[in-house]
There are 4 protein chains.
Amino acid sequence: MKHNHPFSIEASNLTSDKIVLTNRENHHNNTIVSIGPYTIGGQGIAIIAGPCSVENREQITSIARGVKQSGAHLLRGGAYKPRTSPYDFQGLKEEGLLLLQETREITGMPIVTEVITPAQVDIVAHYADVLQIGARNMQNYELLKEVGQVNKPVLLKRGISATIEEFLLAAEYIMHAGNDQVILCERGIRTFEPFTRNTLDLSAVALIKQMSHLPIIVDPSHATGRKDIVIPLVKAAIAVGADGIMVEVHHQPDLALSDGSQSITLEMFAEMMDEVTKIAHTIGRTPHQFINEM
Amino acid sequence: MKHNHPFSIEASNLTSDKIVLTNRENHHNNTIVSIGPYTIGGQGIAIIAGPCSVENREQITSIARGVKQSGAHLLRGGAYKPRTSPYDFQGLKEEGLLLLQETREITGMPIVTEVITPAQVDIVAHYADVLQIGARNMQNYELLKEVGQVNKPVLLKRGISATIEEFLLAAEYIMHAGNDQVILCERGIRTFEPFTRNTLDLSAVALIKQMSHLPIIVDPSHATGRKDIVIPLVKAAIAVGADGIMVEVHHQPDLALSDGSQSITLEMFAEMMDEVTKIAHTIGRTPHQFINEM
Amino acid sequence: MKHNHPFSIEASNLTSDKIVLTNRENHHNNTIVSIGPYTIGGQGIAIIAGPCSVENREQITSIARGVKQSGAHLLRGGAYKPRTSPYDFQGLKEEGLLLLQETREITGMPIVTEVITPAQVDIVAHYADVLQIGARNMQNYELLKEVGQVNKPVLLKRGISATIEEFLLAAEYIMHAGNDQVILCERGIRTFEPFTRNTLDLSAVALIKQMSHLPIIVDPSHATGRKDIVIPLVKAAIAVGADGIMVEVHHQPDLALSDGSQSITLEMFAEMMDEVTKIAHTIGRTPHQFINEM
Amino acid sequence: MKHNHPFSIEASNLTSDKIVLTNRENHHNNTIVSIGPYTIGGQGIAIIAGPCSVENREQITSIARGVKQSGAHLLRGGAYKPRTSPYDFQGLKEEGLLLLQETREITGMPIVTEVITPAQVDIVAHYADVLQIGARNMQNYELLKEVGQVNKPVLLKRGISATIEEFLLAAEYIMHAGNDQVILCERGIRTFEPFTRNTLDLSAVALIKQMSHLPIIVDPSHATGRKDIVIPLVKAAIAVGADGIMVEVHHQPDLALSDGSQSITLEMFAEMMDEVTKIAHTIGRTPHQFINEM
C-alpha cells in the first residue's frame, strides 16, 4: 500500500516550476501598466466600463459620456464578438473599431476591445489602447503569442474552467513572446450553481496578488450574468485587493443586442462608483487618482 | 424542433415555489437572531472564532481568551467531528462539550459547536448556545428536523455541492419544524480549482441577502483551506454584505490536531479584526456593537 | 521558486494510506456479497429494479411482478425518502416497509430500501434484505457506523460530489465498524452539464474495480435523470465491468409520486434485460445465473 | 412569490432553437463521413490510434505499423501541439506533417492531425486527411469558420467545460460555414475528481446520438489521463453507441515527449482491439469492416 496522499492542501500551495516570468518570486514589485493617462497595478483602482457590444454611434457615445461623468477611466466595447451560436449578433467588426476611435476622440477615454484571432491583431492594435483576450481564447496559444509581439497592453481574461496555474501560464505565453504589459482579469468559473452564470472566484484574486506581480482586475458582469448583484460584488472585489473593475454598462439594457440582463444602467454605475470610492479609501487606495492626473 | 432554450439566465433568476418560510417575499424584514448578549442579522457584524477541534483545556481557553481580547463575540470549537476517514481524530465528544462550557464560564463567550446526528441534539443543545450543522449534513433531513424542534439558534453551513436553492430548502426544513432562528453560512463550494480547498462563493451571499430574510455569515477558513488568504477574503465578505464571519484560529496552528493549515494565529486574528472594523464602518455597519452592549 | 508541481497525474494515481479495509492490496480476491439466493461481486450481474418510492400495494406488487418476469433479482423501493424540499412526498415510512415485506413474500425478491438516520436502522434492518445509504448520506458518519454494526449487506451510494477516495473512505467506515458486506454504487456526480441531472462517472467504476475488492454497481436513473438514455448507459456500465445495475422502473411513470421522468417502463426494462444479457455474455459474465439457482 | 422552478429536468430536455444544421430533427439519417477507404458514422466502428505527438520518423512509423497490424484504421499524431506552458514541447510543426505524410505512404493509413490557428488550416489540410480541432479550441470561432471552408472532414473535440449544447453549436459553426463532414469527439469534462484527469461523459454520447445526426467518437486517453483504465472505457464507449475510438498509443510510453502516462502500449492496443471486436459484434456493428473494403 502506498503512503502518499493523492491530494493534499500542502501540495496545492506549491507553485509550478513553469511559472517564471509571471512569478512574483522572480519580480518582487508590482507591474504597473500604463494606458494613456492612467495606470493599472499601482495605488489607484482602474474602472473599465461600457457595453458588451458596440451597436451604433449614439449608443457608444451615450454610454461613454455617461460612465466618464461618473468617473470611469477606460471604455470597453466589443467590435468582434465570439458568440456561442453562429446565429447570434457577431459584432460590427471594423465599423465598431471606427466608432470606438471616434468615441475616444470625443471623450478622451482609452479603448479596451477584444481580439479573437491572430489575423486581427494588427487592425485591433491600430485602433485599441488595450487588447482584450476573452475567456474562450485564454488557451488560444497562437493568439497569445501574437499579442505578445505587440507594444500595447493586453487584458487577459481567465477561461471559464481554467485553473489559476493555467491562467498564469497563459500570461506566461504573452510575456515569453515579449510583451510584459499584461493585466489579468477574473471573470468567474463554471460550476454547478444555476442561479449565477458562473461563480466569481475572489480567492483567485487574493492568491494571484501573492503569486504574481501582474495586476488583476475583476469583471462581475460576466461572472454573475445578473445586474442585481453587480454592486455588492464590486465592493467585495475592491476589498479583496483587485486593481480594477471591468463592468458592463448600457444606457438602455433592455434594448441591448447582447448581454442586456447583466448590464447595469448609468444610474447604477454612478452608485457603484460611490461605493468603489468608499471602499478604496478604506483600504488605502486612491479610487480616482487618474482623473486628477489628466 | 422545439424552440425553448434549455437554460437561460432569465430562468435562473426565478425562485422556487418551495421556498416559503425562508423567502424574503413572505417576510420582508431581516431576521435577527439573539445569542446571549449578541445578535446576528442586524447592524452589527458577528465574529465567531476558535479552533477546528477542542483539544484540551489549555488550548481552548488560550484561544478563547486571545480571540476575545481582539473582539470576537462567539467561540467556535468542535467536540464531535465528522471526519472523512475513520482513522482521523474524531473529537473529544462530551469531554469537549464540558471544556467548552468551562471556557464560556471563564470568558463569557457563547459557544457554537457542531451536532452530527439526531441522537446528540439534546446533549449538544444542553451545552451549546448555537448548534452548528456542518456542510456534510446540510441534507441530513432527520437532523434538520431534530434541530428544528430545539429552542436554540442553528448555524447551517452550505453543503460543498449544494445549490443556493438546496441551501435555502435545507433552512426551510428547520423552519418548517418550528425553529426560526437559523443563521446561514457560506463556506465554499467544490470546483475544479486545486489551489484552494473549495471556492468561496460570495455571489451566493449577495443573492441570499436578496432572496431571504435570514442572516448569512462567511467561513473563509474551510472555503480556502489556507491561512494566507483568509484576511483578504474576510474583507471581501464584509464588503459584499455578510452578517458575520466564522474563522478558525489556533494559538499554535502547527500543532493543531485538525485543520492546522487553514487556522490563522492570534496575531493574524487581531489584524483581521482591524480590517473588519474599517470595512464595516465604511459600509455603515457597527463592527463591535456587541461588546459595548455587554 | 519551488519546483513541485501542484497537481500531477502521477500524484493522482496514488492511493491514500487511509484506505485499508476496502483496499484490494490488502484483500486480493473480490468480495462476494450474498443476498438470499443471489450474490453480488462474482461472475453474475445483479439487477436491482423497482420504483423510486413505494406508493401503494397495487403499485409495488405490479412493478415487482413485472421486473421479476424480465429477470430482475432484487426489488428496490423507498419507504423513507430524503427529499430536497420539506413539502415533497416523504415516503410511506413503516407502512412502506410492510408493503415491501408483503411483496417479497409474493415474489420471492429480496428487498433493497434506504435508511436515512441511525434511529431507523433497526426497523429497516428488520424488514429489508439490503440497507441502502443514499448519496446525501454518504458522509453521514454516525449512520455509516450504525449500519456497520448490522448483519445485513449495505448498498452505499456515492455522494454527488464525493471523490473516489472519499467514497472508499465512507465504505471504510462501515467495514471498520464491523460489516464487510458492502456494495458500492456509482450514481453520477454533479457537474456543470444541464442536459443530464448528474454526470455518470464510469471511469470511477473501472478504477474502483482496480483499487478495491468490493463489488460496485451502477444506477443510471439517478445519474441521468432521464429515461431516454438509461438503456445505452446500462450497456456501457456492464461493459466497463460493473457487478450490477440498479434502475428505477415504474408501471406508470407519468403518475409516479417521485422521479417519474427518470423511471423506465416495464417494456423498456424487458428490453434492457435483453441488452444486459448480450453484453454480459460477451464479456464472460453470467447475466441470469441467479434465476437458475433459485 | 414566483412559481416557476429555476431548473427542472423537463427544461433540460429541450433542445436549443439555435441547433439547426446539426439537429437530427432536421436531418433524420446518420451523417456518414468518408475518409479514404473508411467511413465513420455507419455500421462500422472507426479506430484512430497513434502517439500524442509526432517525435521522429522511427517513432511514428513504428507506432503506425503496430496499430495497423492490430486493426487500426486511421493514424493520429500531433505536429502542432497546444501546450499549457510555453516551456513544454510544442511539436515538430511542418516537419511533423511531412513525417505523417511519409507514414501514410508506407502504411496506407489516413492521417488525423490537429490544426490550432486559422493561418495553418491550408498547410494542415494539404497534408492531413482529417483536421482535428482540439478541446481548447472548441470555441475558437474563427478557426471553426476556417475549417468550415475546407473540403476535408473535421474532428471536433468537446471543450473540457463545454455543455452538450455548446458542443453542438460549435459543430453548427463548421456546418454553417459550408462543411458538413463533422465528426464529434467526447474526451472528458473537467470536474472535481482528482483520480482522473477529466471525467469521461458517456451520457453525452448517448444523448448526442439522439439529438444529432453527426457521428461521435470517444477519446478515453485524454479523458482519464491514465492508461490503466483505457480498455474498460473503450468497451463502455462501444457499448453506449460511439461510432469510433481515438486512443493514444506509444511503442515506448515511458520515453514519450508528451502524455506518456496516458498512452497505452502496442500490446495493450492489440488487446483493446480484441475487446472492441467482441462488443461491436454483440451490438450488431461491424468492427473491422473497413479493412475488408480496402
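Residues numbered from 1 in each chain as written. Chains lettered and ligands numbered in written order. Predicted model: local features only at pLDDT ≥ 70, side-chain atom pairs only at ≥ 80, totals over all residues. Heavy atoms only, no water.

This brings us to the overall build of chain A. The helix and strand tally for chain A stands at 11 helices and 10 strands. A globule of 294 residues ought to have a C-alpha radius of gyration of about 19 Å, and chain A, at 18 Å, matches this closely. Seen through its principal axes, chain A has C-alpha atoms that stretch 70 × 45 × 40 Å. The buried share among the 294 residues of chain A stands at 69%. Partitioning the contacts of chain A with sequence separation of at least 6, the portion at a separation of at least 24 is 71%. (Helix = DSSP H or I, 4+ residues; strand = E, 2+ residues; numbered from the N terminus. Rg over C-alpha atoms; globule rule 2.2 N^0.38 Å. Buried < 20%, exposed > 50% of the residue type's maximum accessible area, 1.4 Å probe, protein only. Contact = heavy atoms within 4.5 Å.)

With that settled, consider the interface of chain B and chain C. Listed as interface residues are 34 residues of chain B and, on the opposing side, 34 residues of chain C. Together, the buried faces of chain B and chain C total about 3,000 Å²; carbon and sulfur atoms form 55% of this surface. Linking chain B with chain C are four salt bridges, by the criterion used here. Among the ionic pairs, R190(B) bridges to E166(C), the shortest N-O distance being 2.7 Å. Between the two partners, chain B and chain C, sit 20 residue pairs in polar contact (both at pLDDT 80 or more). Contributions of two or more residues to the side of chain B that touches chain C are made by helix 5 (141–147) and helix 6 (164–176) of chain B. (Buried area = accessible area lost by both parts, 1.4 Å probe. Salt bridge = Lys/Arg side-chain N within 4 Å of Asp/Glu carboxyl O. Polar contact = N/O pair within 3.5 Å; in protein donor to acceptor, adjacent residues only side chain to side chain.)

With an RMSD of 0.0 Å, the fit of chain B onto chain C corresponds to turning through 180° and sliding 0.0 Å along the axis. Taken together, these values place the two copies in the relation of a two-fold axis. When C-alpha positions in chain B are compared against the rotation axis, the closest is assigned to S161(B), at 3.1 Å. Both copies share a contact surface, since 100% of the interface residues of chain B are interface residues in chain C too. (Least-squares fit on C-alpha atoms with pLDDT ≥ 70 in both.)

Here the focus is the interface of chain B and chain A. Between chain B and chain A, the residue contacts involve 47 residues of the former and 47 residues of the latter. For the chain B and chain A pair, buried surface summed over both sides reaches about 3,900 Å², with 68% attributable to carbon and sulfur atoms. Connecting chain B to chain A are two salt bridges. One salt bridge in this structure joins E193(B) and R158(A), with 2.9 Å as the shortest N-O distance. Run the count over chain B and chain A and you get seven residue pairs in polar contact (both at pLDDT 80 or more). Mapped by element, the contributors of at least two residues to the side of chain B that touches chain A are helix 1 (9–13), helix 6, helix 7 (202–211), helix 9 (230–240) and helix 10 (266–282) of chain B. For the side of chain B that touches chain A, a count of residues per class yields 23 nonpolar, 13 polar and 11 charged. (Nonpolar A, V, L, I, M, F, W, Y, C, P; charged D, E, K, R; others polar.)

A few words now on the relation of the copies chain B and chain A. Structural alignment of chain B on chain A gives an RMSD of 0.0 Å, achieved by rotating through 180° and translating 0.0 Å along the axis. By residue overlap, the copies meet face to face through one surface: 100% of the interface positions of chain B are interface positions in chain A.

All names here are of chain C. For the structure on display, the rule yields zero disulfides over all chains. Here C185 is not disulfide-linked; the sulfur of C52 is the nearest cysteine sulfur, at 13 Å. On the basis of relative accessible area, C185 is assigned to the buried category, the value being 0%. (Disulfide = S-S within 2.5 Å.)

A few words on the pairing of strand 8 (residues 182–186) of chain A. On a regular strand, each side chain points to the face opposite its neighbour's, so the side chains alternate between the two faces of the sheet. Residue and element names in this part refer to chain A. With five of five residues buried, strand 8 is to be regarded as a mostly interior element. Neither face of strand 8 is open: one carries V182, L184 and E186, the other I183 and C185, and all of them are buried. Where strand 7 (residues 154–157) meets strand 8, four bridges bridge the pair, whose relative direction is parallel. What sits directly across from K157, in strand 8, is C185. Following the chain from strand 7 across helix 6 (residues 164–176) to the adjacent parallel strand 8, one finds a crossover that is right-handed. Strand direction decides the pairing type here: strand 8 and strand 9 (residues 216–218), joined by three bridges, are parallel. From the neighbouring strand, C185 faces strand 9, where its bridge partner is I217. (Pairing = 2+ DSSP bridges. Right-handed = clockwise from strand over helix to strand, strands pointing away.)

Our focus in this paragraph is the confidence of the model for chain A. All names here are of chain A. For chain A, mean pLDDT is 92; residues scoring 70 or higher make up 92% of the total. Contacts of residues 1–14 to residues separated by more than four positions or lying in other chains number 42 contacts, the stretch itself having pLDDT below 50. Confidence over residues 290–294 falls short of pLDDT 50; this stretch has 14 contacts with residues more than four positions distant or in other chains. Scoring of the predicted complex yields 0.94 for pTM and 0.93 for ipTM. (pLDDT = per-residue confidence, 0-100.)

For the structure on display, the rule yields 64 salt bridges over all chains. Of the charged contacts, one joins D88(B) and K18(C) as a salt bridge, the two residues approaching to 3.0 Å between their closest N and O atoms. Linking D88(B) in the loop between strand 4 (74–76) and helix 3 (94–107) with K18(C) in the loop between helix 1 (9–13) and strand 1 (33–35), this pair reaches from one chain into another. With relative accessibility at 17%, the residue D88(B) sits in the buried group. The closest approach of N and O atoms between D219(D) and K157(D), which form a salt bridge, is 2.6 Å. Taken together, the positions of D219(D) in the loop between strand 9 (216–218) and helix 8 (220–224) and K157(D) in strand 7 (residues 154–157) put the pair 62 residues apart, joining distant regions of the chain. Taken together, the shared-partner salt bridges connect R158(A), E186(A), D201(A) and E193(B) into one network.

What follows deals with unusual backbone geometry. Residues and elements named next belong to chain B. Non-glycine residue K93 carries a positive phi angle of around 55°. Take K93: it is sitting in the loop between strand 4 and helix 3. A residue is classified by how much of its surface remains accessible, and K93, at 36% relative accessible area, is partly exposed.

What follows covers the sheet that holds strand 3 (residues 46–50) of chain C. All names here are of chain C. The parallel closed barrel is built from eight strands, whose spatial order is 3-4-5-6-7-8-9-10. Taking each pair of neighbouring strands and ignoring which way they run, the sheet shows an average axis angle of 25°. Contacting strand 3 and strand 10 (244–248), helix 10 (residues 266–282) crosses the sheet at an angle of about 170° to strand 3. (Axes fitted to C-alpha atoms, helices over the stretch in contact; angles between N-to-C directions.)

This part takes up the packing of helix 6 (residues 164–176) of chain D against helix 7 (residues 202–211) of chain D. Residues and elements named next belong to chain D. Running from N to C, helix 6 and helix 7 point in directions that differ by 50°, and their axes come no closer than 11 Å. Relative to helix 7, helix 6 is oriented oblique. Classified by chirality, the crossing of helix 7 by helix 6 is right-handed. Each of I164, F167 and L168 in helix 6 lies in contact with helix 7, whose residues at this interface are A204, L207, I208 and M211. Across the contact of helix 6 with helix 7, the residue classes break down as seven nonpolar, no polar and no charged. (Parallel < 35°, antiparallel > 145°, perpendicular 65-115°, else oblique. Left-handed = near helix turned anticlockwise from the far one by under 90°.)

The next point concerns the packing of helix 9 (residues 230–240) of chain A against helix 10 (residues 266–282) of chain A. Residues and elements named next belong to chain A. Helix 10 packs onto helix 9 with a crossing angle of 25° between their chain directions and a minimal axis gap of 9 Å. Put simply, helix 9 runs roughly parallel to helix 10. The crossing of helix 9 and helix 10 is right-handed. Contact residues: helix 9 offers I231, V234, K235, I238 and A239, while helix 10 offers M268, E271, M272, E275, V276, I279 and A280. Considered class by class, the residues forming the contact of helix 9 with helix 10 number nine nonpolar, no polar and three charged.

For the rest of this paragraph, the subject is the packing of aromatic side chains. Residues and elements named next belong to chain C. Overall, the coordinates contain four aromatic pairs over all chains when judged by the stated rule. Centroid distance Y141 to Y173: 4.4 Å. Interplanar angle 25°. Geometry classified as stacked. Taken as a pair, Y141 in helix 5 (residues 141–147) and Y173 in helix 6 (residues 164–176) lie far apart in primary sequence, 32 residues in all. Look at Y141 and you get buried, because its relative accessible area is 4%. (Phe/Tyr/Trp six-rings, centres within 6.5 Å; stacked < 30°, edge-to-face > 60°.)

All names here are of chain A. Neither face of strand 6 (residues 130–133) is left uncovered, since the one carrying V130 and Q132 and the one carrying L131 and I133 both have all their residues buried. Pairing of strand 5 (residues 111–114) with strand 6, which is carried by three bridges, proceeds in the parallel orientation. Counted as the bridge partner of T113 is L131 from strand 6. Once you follow strand 5 into helix 4 (residues 121–127) and on to strand 6, the crossover reads as right-handed. Pairing of strand 6 with strand 7 involves three bridges; the strand directions are parallel. Residue pairing for strand 7: L131 is matched across the bridge by V154. For the crossover from strand 6 across helix 5 (residues 141–147) to strand 7, the handedness is right-handed.

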